[in-house]
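Listed here are the chains, written in short residue letters.
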Amino acid sequence: MANLKSLAKDTAIYGLSSIVGRFLNYLLVPLYTAKMAAESGGYGVITNMYAYVALLLVILTYGMETTFFRFANKADERAQTVYSTTLIMLGSTSLLFVALVFAFLGPLSSLMGYPDHPSYVWVMFTTVAIDAFQCITFAYLRYKRKAIKFAVLKLLFIVMNILLNLTYYYFMGGTEVGYAFYINLFCTASITFCFYKELKEAFSRKPEAESEQQETDGGTTARIVSISEGAVPAGPAPLFDKLLMGRMLRYSWPILILGIAGILNQTADKILFPYIYDGTDAHAQLGIYGAASKIAMIMAMITQAFRYAYEPFVFGKAKEKDNRETYAKAMKYFVIFTLLAFLVVIGYLDVLKYIIGRDYWSGLRVVPIVMAAEIMMGIYFNLSFWYKLIDKTIWGAWFSGIGCAVLIAINVIFVPKYGYMACAWAGFAGYATAMTLSYLVGQKKYPINYPLKDIFIYTALAVIITYWMFHWRESMPLWASLALNTLSILFFCGIILYYDFPQLWKGRSAKG
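This is a predicted model, so every value here is computed, not measured. (Residues numbered from 1 in each chain as written. Predicted model: local features only at pLDDT ≥ 70, side-chain atom pairs only at ≥ 80, totals over all residues. Heavy atoms only, no water.)

1. Digging into the overall build of the chain
Turning to step 1, where the next piece is worked out: Along the chain, the regular secondary structure elements total 21 helices and two strands.
Turning to step 2, where the next piece is worked out: Buried positions account for 51% of the 512 residues belonging to the chain.
Turning to step 3, where the next piece is worked out: Put simply, 81% of the contacts in the chain that link residues at least 6 apart link residues at least 24 apart.
Turning to step 4, where the next piece is worked out: Accessible area for the chain stands at about 24,200 Å²; split by element, carbon and sulfur atoms hold 68% of it. (Helix = DSSP H or I, 4+ residues; strand = E, 2+ residues; numbered from the N terminus. Buried < 20%, exposed > 50% of the residue type's maximum accessible area, 1.4 Å probe, protein only. Contact = heavy atoms within 4.5 Å. Areas by Shrake-Rupley, 256 points an atom, 1.4 Å probe, with all protein chains shown as cover.)

2. Examining the pattern of salt bridges
Turning to step 1, where the next piece is worked out: Within this structure, the stated rule accounts for nine salt bridges.
Turning to step 2, where the next piece is worked out: For the salt bridge of Lys146 with Glu201, the shortest nitrogen-to-oxygen distance reads 4.0 Å. You can see Lys146 sitting in the loop between helix 7 (118-143) and helix 8 (147-171) and its partner Glu201 sitting in helix 10 (residues 196-203), a full 55 residues away along the chain.
Turning to step 3, where the next piece is worked out: With relative accessibility at 21%, the residue Glu201 sits in the partly exposed group.
Turning to step 4, where the next piece is worked out: With its nearest N and O atoms 3.0 Å apart, the salt bridge here joins Lys332 to Asp454. In this pair, Lys332 is assigned in helix 13 (residues 323-347) and Asp454 in helix 19 (residues 452-475), connecting sequence segments 122 residues apart.
Turning to step 5, where the next piece is worked out: Residue Asp454 is classed as partly exposed on the basis of its relative accessible area of 29%.
Turning to step 6, where the next piece is worked out: Ionic contacts of the salt-bridge type, sharing partners, join the residues Lys146, Lys149, Glu198 and Glu201 into one network. (Salt bridge = Lys/Arg side-chain N within 4 Å of Asp/Glu carboxyl O.)

3. Brief notes about the side chain of Thr466
Turning to step 1, where the next piece is worked out: Its location among the elements puts Thr466 in helix 19.
Turning to step 2, where the next piece is worked out: Beyond its immediate sequence surroundings of up to four residues, Thr466 is in contact with Phe342, Leu343 and Ile346.

4. Section: the nonpolar core
Turning to step 1, where the next piece is worked out: Judged by nonpolar contacts, the single largest core of 118 residues is most densely connected at Phe97, Phe125, Phe181, Ile295, Ile356 and Phe492.
Turning to step 2, where the next piece is worked out: Not counting residues up to four positions away in its chain, the partners in contact with Phe492 are Ile336, Leu339, Leu340, Leu343, Tyr458, Leu461, Ala462 and Ile465.
Turning to step 3, where the next piece is worked out: Formed by 27 residues, the second largest nonpolar core is a distinct cluster that contains Phe69, Phe71, Phe133 and Leu199. (Core = buried A, V, L, I, M, F, W, Y, C linked by side-chain atoms within 4.5 Å.)

5. Remarks on the packing of aromatic side chains
Turning to step 1, where the next piece is worked out: Applying the stated criterion across every chain, the model contains 30 aromatic pairs.
Turning to step 2, where the next piece is worked out: Centroid distance Phe97 to Phe125: 5.8 Å. Interplanar angle 40 degrees. Geometry classified as tilted. With Phe97 in helix 5 (residues 79-103) and Phe125 in helix 7, the pair connects residues that are 28 residues apart, well separated along the chain.
Turning to step 3, where the next piece is worked out: The class for Phe97 is buried, based on a relative accessible area of 16%. (Phe/Tyr/Trp six-rings, centres within 6.5 Å; stacked < 30°, edge-to-face > 60°.)

6. Description of unusual backbone geometry
Turning to step 1, where the next piece is worked out: Residues other than glycine seldom take positive phi values, yet Tyr62 does so here, at roughly 30 degrees.
Turning to step 2, where the next piece is worked out: Note that Tyr62 resides in the loop between helix 3 (42-61) and helix 4 (64-72).
Turning to step 3, where the next piece is worked out: You will see that Arg145, though not glycine, has its phi angle at about 60 degrees, which is positive.
Turning to step 4, where the next piece is worked out: With respect to the helices, strands and loops of the structure, Arg145 is situated in the loop between helix 7 and helix 8.
Turning to step 5, where the next piece is worked out: Arg145 sits in the partly exposed class, given a relative accessible area of 25%.

7. Some details on the environment of Trp361
Turning to step 1, where the next piece is worked out: Within the secondary structure, Trp361 sits in the loop between helix 14 (349-352) and helix 15 (367-383).
Turning to step 2, where the next piece is worked out: Along the backbone, Trp361 and Ala291 are 70 residues apart, and their C-alpha atoms lie at a distance of 8.8 Å.
Turning to step 3, where the next piece is worked out: The contact partners of Trp361, leaving out residues within four places of it in the chain, are Lys353, Tyr354 and Ile356.

8. So, the confidence of the model for the chain
Turning to step 1, where the next piece is worked out: Considering every residue of the chain, the mean pLDDT works out to 83; 82% of them sit at 70 or more.
Turning to step 2, where the next piece is worked out: Overall, residues 207-230 carries pLDDT values under 50, and its contacts beyond four positions in sequence, including any with other chains, amount to 68 contacts. (pLDDT = per-residue confidence, 0-100.)

What follows is the structure in structure tokens.
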């Protein structure tokens with residue numbers, strides 16, 4: 001029971017820090033879009049560069065975060081050697097990456113469309129290299145169950161980043177896009193100094209003969225390192241183990257492939273857009289799309305709270321007899337939860353649009369499409385547990401890869417003619433493909449009787465309400481449409497409470 005309470009506390013800290021962090025970081029969107037006019041393409045540059053950064057972070061970490069947890073918790077491995085070996089591996093590859101960037105900075109900047117601004121490239125690519133290195137030190141904090149320090153450092157970076165951005169763009173009246181990148185590099189590098197103790201532990205050699213609580217990807221476990229039982233050899237732990245490196249790389253490469261496919265589903269459109277868009281205002285259009293998509297990300301932050309609670313719940317239920325029935329119910333409530341979030345965003349879109357500058361409002365039409373894609377991504381995430389539970393993660397690589405191929409194909413074919421609207425629909429189609437494949441194959445490999453009828457009814461009801469919300473938005477004064485939207489959302493909540501939580505209102509009636 002004590003372990004469960006500890007796990008719940010740590011999960012709350014990680015989840016809260018992540019959600020609060022994303023929300024605080026979200027505050028940069030109104031700042032950037034207010035200070036950078038859409039036609040300047042400034043926010044388009046930011047959207048484009050951060051898409052590259054997200055992809056490169058997956059490549060430069062090459063699945064080593066998950067691999068570190070897997071090997072550090074093996075009884076026949078020295079956790080200290082796993083940590084130092086992983087740190088040296090990522091440190092070496094990150095340094096090599098930075099060296100290559102500077103060696104080929106000219107042609108690389110030209111290839112990416114920034115021949116006059118090579119600083120954009122080297123600054124952000126140096127930043128992502130440091131991020132990749134920090135990935136393992138943050139993982140080590142989780143391994144040592146230092147949740148407080150983990151959360152503090154994550155939030156410290158975001159607060160520093162916001163304050164420096166506010167200083168330059170708001171108080172100093174700056175408009176140069178490059179300063180957003182310089183500030184990010186400064187903040188990222190500064191956080192590295194906060195890992196002095198963890199870095200010192202990596203390179204200090206001492207015998208491992210202790211019993212301690214450690215965190216795995218699935219929860220907290222007791223890891224017993226006992227020299228007397230022959231689990232690991234006595235004496236100081238080696239700093240770097242070549243054989244261990246080989247085993248770790250063999251374990252991590254499928255994770256890398258899955259990670260690349262997954263991140264491309266989120267970033268490929270923003271990377272490809274400047275190359276395939278048929279016009280001279282590519283960055284301006286990309287900025288409009290990127291800014292409008294940020295409104296849809298409100299739902300992503302809301303659903304992430306559900307995911308933080310859901311993941312440990314699923315693995316915790318894995319050995320119970322009724323686990324499949326539980327997964328089916330959980331999927332239903334997940335869909336209901338995300339549909340409600342969808343309706344809230346659509347219902348108050350005319351209020352939420354003030355998050356971004358007026359120059360970017362023309363992109364609001366992508367919001368429902370991007371949010372629908374986010375819902376399908378969430379469903380795909382929930383469906384993915386079947387191949388994780390039977391240790392067949394290669395299926396995830398196939399599904400994500402095929403979905404990514406669909407997304408890229410639609411972008412390449414339709415963006416030249418339809419612009420960023422094609423990007424939105426490409427994401428929708430890509431996630432729909434991955435979701436459908438995962439469901440169909442999963443029903444053969446690990447069948448679960450999902451309540452499809454209930455899910456369909458709730459989805460259809462949400463679609464009908466959405467239709468009327470857009471109709472009222474175009475035909476009524478703002479106050480009237482917002483009032484009707486509020487009543488519609490309350491109606492949807494009432495249906496949920498009446499049919500799926502009858503114990504709440506029946507219990508109250510009985511008491512009354």
